[in-house]
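# Structural description and commentary
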Amino acid sequence: MSQISALDSKKKYSFNKLQKRIRRFTGQAIADFNMIEDGDKVMVCLSGGKDSYTMLDVLLYMQRVAPIKFTIVAVNLDQKQPGFPEHVLPRYLSELGVDYKIVEEDTYSIVLDKIPEGKTTCSLCSRLRRGILYRTATELGATKIALGHHRDDILETLFLNMFHGGQLKAMPPKLVSDDGKQMVIRPLAYCAEKDIARYSSILEFPIIPCNLCGSQDNLQRVAIKGMLNDWDKRFPGRIESMFKALQNVTPSHLADTKLFNFAELTTQATPYENGDLAFDPPTFNPRLLVDEQEESSVKIINL
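Scope of this entry: the structure provided in the associated data block. (Residues numbered from 1 in each chain as written. Predicted model: local features only at pLDDT ≥ 70, side-chain atom pairs only at ≥ 80, totals over all residues. Heavy atoms only, no water.)

### Here's the deal with a nonpolar patch on the surface
Nonpolar side chains collect at one region of the surface, where Met162, Phe163, Leu168, Val249, Leu254 and Leu259 lie side by side and expose about 560 Å² of accessible area between them. Checked against the element boundaries, Val249 lands in the segment after helix H10 (238-245). Using a relative accessible area of 51% as the deciding quantity, one classes Val249 as exposed. (Patch = residues over 30% accessible without salt bridge, like charges linked within 9 Å, V, L, I, M, F, W, Y side chains within 5 Å. Areas by Shrake-Rupley, 256 points an atom, 1.4 Å probe, with all protein chains shown as cover. Salt bridge = Lys/Arg side-chain N within 4 Å of Asp/Glu carboxyl O. Helix = DSSP H or I, 4+ residues; strand = E, 2+ residues; numbered from the N terminus. Buried < 20%, exposed > 50% of the residue type's maximum accessible area, 1.4 Å probe, protein only.)

### With respect to the packing of helix H2 (residues 9-32) against helix H8 (residues 193-203)
Two elements in contact, H2 and H8, have axes whose closest approach is 10 Å; the angle formed by their N-to-C orientations is 125°. Judged on the interaxial angle alone, H8 and H2 are oblique. The two elements H2 and H8 cross, and the hand of that crossing is left-handed. Contacts from Ser14, Phe15, Leu18, Gln19, Arg21 and Ile22 in H2 reach Asp195, Ile196, Arg198, Tyr199, Ile202 and Leu203 in H8. In the contact of H2 with H8, the residues fall into seven nonpolar, two polar and three charged. (Axes fitted to C-alpha atoms, helices over the stretch in contact; angles between N-to-C directions. Parallel < 35°, antiparallel > 145°, perpendicular 65-115°, else oblique. Left-handed = near helix turned anticlockwise from the far one by under 90°. Contact = heavy atoms within 4.5 Å. Nonpolar A, V, L, I, M, F, W, Y, C, P; charged D, E, K, R; others polar.)

### A closer look at the environment of Ile72
Among the structural elements, Ile72 can be located in strand E2 (residues 71-78). Classification of Ile72 by relative accessible area gives buried; the value is 9%. Put simply, Ile72 and Asp40 are 32 residues apart on the chain and 8.5 Å apart in space, counted from C-alpha to C-alpha. Other than its neighbours up to four places away in sequence, Ile72 contacts Val42, Val44, Leu56, Leu59, Leu60, Gln63 and Asp99.

### Here we look at H2
For H2, built from 24 residues, the straight-helix expectation of 34 Å at 1.5 Å per residue is met to within 8% by its first-to-last C-alpha distance of 34 Å. Of the residues flanking the end of H2, it is Asn34, one or two places downstream, whose phi is positive at about 50°. (Expected span 1.5 Å × (residues − 1).)

Pasting the structure below:
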């Protein structure tokens, strides 16, 4: 890591803290969701962006220090976008000594043919890409498919589904594919995008920009990302609190009759677990229940 050795002592100390934080959060997510098991072959999907580079870097570290044995194969899907630098990833992975496979599929032409000009291409592009990656995982005998989505991606998906899909649904850290044959994991689920961006910048990963969807400024996700970034700047701790909420769900306090049997809910002589406390706000400090426009220091406590 010549980049690190070139840093002064203060910046090196800061980087070490950053690296430890990313590694700790990744290890915690892997443990919490049992993402990687002994003997697994993990297919690391490498797009050439900051997130997937960071994921590969951390998983290679985990491979060295973990008490279990697992193998890694990096896979990149060359979608035949004009100007795509085909040499970058093979050279980078060869220098690392990482087993890899480059899959060449002209999804770029398909997307341009099927999606009208000016419309977002992400939906079709992601479906095509997902199918190819699932097929590749089967061909390679991979037991896990690792994607580089992070904490902010998960929260953005939550708000996208609420605002535009009418669903209280985010992006799970671990899931089974639609056909039931593949296990998908997101080791960076607990990591903040700003940490990943800084980490990637310091290590000078050879970033490859996406010229197909990355340049579309009209994406709804861009608007959601801007909203979350604004909240993060103005209300420190809010993003962390929202993500924590995804891990502390009370079905009886939502309104999904498939998730909780409201129809057969009855009174009882003993205290009811997770019961309603009428109109009292037990998790808030009453002194702080003010309009956030008047006092920006509103904080949720007892989480």
